[in-house]
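# Structure at a glance
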Amino acid sequence: VNRAACVFCAIAAGDERGSIVHEDEAAFVLMDIAPVTPGHALVIPKRHADRLAQLDETTGGRLFALGMRAARALRSSGLRCDGVNLFLADGAAAGQDVFHVHLHVIPRFGGDGVRVSAGRSRPERTELDRIAALLRSAWDV
Ligand SMILES: [Zn+2]
């Protein structure tokens, strides 16, 4: 991957500056440059993967573990943090902006102005069962 083409690879390589919280052999945690709330952090695998499907499950598990650690640190940091959202956008349609997998860790508090909302539907059980069957048939693909 061309480091110039991927900001997270450039940060991982030390070619670009980042406000690093944690770094290990698999991943690093840094501050988002456009935070939703103060303390908004990103957990990023060191090895480039455009999409979740390109990430091995061990690294994916490591990202989630670091997200849990970041959430715990945020709650103990003195920053306003009464709750946390973990958010991962996989694909442009899901709102992915940088095409190197990253997990958002977003501190939340009452009145923070952040909205996570969508209209919800109430499908019949037969419809839920039909969709569950579709997913089962795709499970090991
Ligand atoms: Zn990258």
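Let us look at the structure shown here.

The rules behind each value
- For every chain, the first residue of the written sequence is number 1, and numbering continues from 1 along that sequence.
- Residue-level local features of this predicted model are given only where pLDDT is at least 70; pairs of side-chain atoms are given and counted only at 80 or more, and the full residue set underlies all totals for whole chains, interfaces and linings.
- Hydrogen atoms and water are omitted, and side-chain values are computed over all heavy atoms in the structure.
- Counting from the N terminus, the helices are the DSSP runs of H or I reaching at least four residues and the strands are the DSSP runs of E reaching at least two.
- Exposure is judged per residue with a 1.4 Å probe applied to protein chains only, and the accessible area is read against the type maximum: over 50% gives exposed, under 20% gives buried, and values in between give partly exposed.
- In this description, a nonpolar core means a group of buried Ala, Val, Leu, Ile, Met, Phe, Trp, Tyr and Cys residues linked to one another through side-chain atoms lying within 4.5 Å.
- Residues are treated as being in contact if the distance between any of their heavy atoms lies within 4.5 Å.
- Surface patches are drawn from residues lacking salt bridges whose relative accessible area is over 30%; two like charges belong together within 9 Å, two nonpolar side chains (Val, Leu, Ile, Met, Phe, Trp, Tyr) within 5 Å.
- A 1.4 Å probe and the Shrake-Rupley method give the accessible areas. Residues count as covered only by the protein chains that appear here.
- Salt bridges are identified by distance alone: a Lys or Arg side-chain nitrogen within 4 Å of an Asp or Glu carboxyl oxygen.
- Here the coordinating atoms are restricted to nitrogen, oxygen and sulfur within 2.8 Å of the metal centre, or 3.2 Å for Na, K and Ca, and because water is not among them the sites may look incomplete.
- A site with four donors is called tetrahedral when every donor-metal-donor angle falls between 85 and 135 degrees; four donors are called square planar, and six octahedral, when opposite donors sit more than 155 degrees apart and all other angles fall between 65 and 115; any other arrangement is irregular.
- For the purposes of these results, a polar contact is taken to be a pair of N or O atoms within 3.5 Å, where, inside protein, one atom must be able to donate a hydrogen and its partner to accept one; residues adjacent in sequence count only when each atom of the pair is a side-chain atom.

## Re the overall build of the chain
Regarding its fold elements, the chain presents 3 helices and 5 strands. Counted from the first residue to the last, the chain has its helices and strands arranged as α-β-β-β-α-β-β-α. Projected onto its principal axes, the C-alpha positions of the chain cover 50 × 40 × 25 Å. Counting all 141 residues of the chain, 31% fall into the buried class.

## Side note on the nonpolar core
Counting residues in each nonpolar core, the largest one holds 15 residues, and the members touching the most others are Val29, Val43, Leu55, Leu63, Leu66, Val101 and Val105. Every element with two or more residues in this core is listed here: strand S2 (27-31), strand S3 (41-45), helix H2 (57-76) and strand S5 (103-108). The contacts of leucine 63, once residues within four sequence positions are left out, are Ala27, Val43, Ile44, Pro45, Leu55, Val101 and Leu103. Judged by nonpolar contacts, the second largest core, of 8 residues, contains Phe8, Ile11, Phe28 and Ile44.

## Topic: a nonpolar patch on the surface
Taken together, the side chains of Ile131, Leu134, Leu135 and Trp139 make up a nonpolar region of the molecular surface, amounting to roughly 470 Å² of accessible area. For leucine 135, the location among the structural elements is in helix H3 (residues 125-138). Judged by relative accessible area, leucine 135 falls into the exposed class, the value being 52%.

## Examining the coordination of the zinc ion
Protein-derived ligands of the zinc ion are Cys6 (SG), Cys9 (SG), His48 (ND1) and His100 (ND1), with the metal-ligand distances lying across 2.0 to 2.3 Å. Around the zinc ion, the 4 donor atoms sit at angles spanning 102 to 117°, and that spread fits a shape best called tetrahedral. On the primary sequence, the residues serving as donors to the zinc ion are separated as C-x2-C-x38-H-x51-H. When its relative accessible area of 5% is taken as the criterion, cysteine 6 is described as buried.

## Concerning the side chain of aspartate 24
Counting through the fold element by element, aspartate 24 comes out in the loop between strand S1 (20-23) and S2. Within the local environment of aspartate 24, its side chain forms a polar contact with the backbone nitrogen of alanine 26, the two atoms lying 2.9 Å apart. For aspartate 24, the residues in contact, after removing those within four places along its chain, are Lys46, Arg62 and Leu66.

## Notes on the environment of alanine 10
Locating alanine 10 in the fold gives a position in helix H1 (residues 7-12). We classify alanine 10 as buried; its relative accessible area is 4%.

## Quick notes on the environment of glycine 91
Assignment of secondary structure puts glycine 91 in the loop between strand S4 (83-87) and S5. Under the relative-accessibility criterion, glycine 91 is labelled buried at 5%. Glycine 91 sits 18 residues away from alanine 73 along the chain, and the two C-alpha atoms are 28 Å apart. Once residues within four sequence positions are removed from consideration, glycine 91 is found in contact with Arg51, Gln96 and Phe99.

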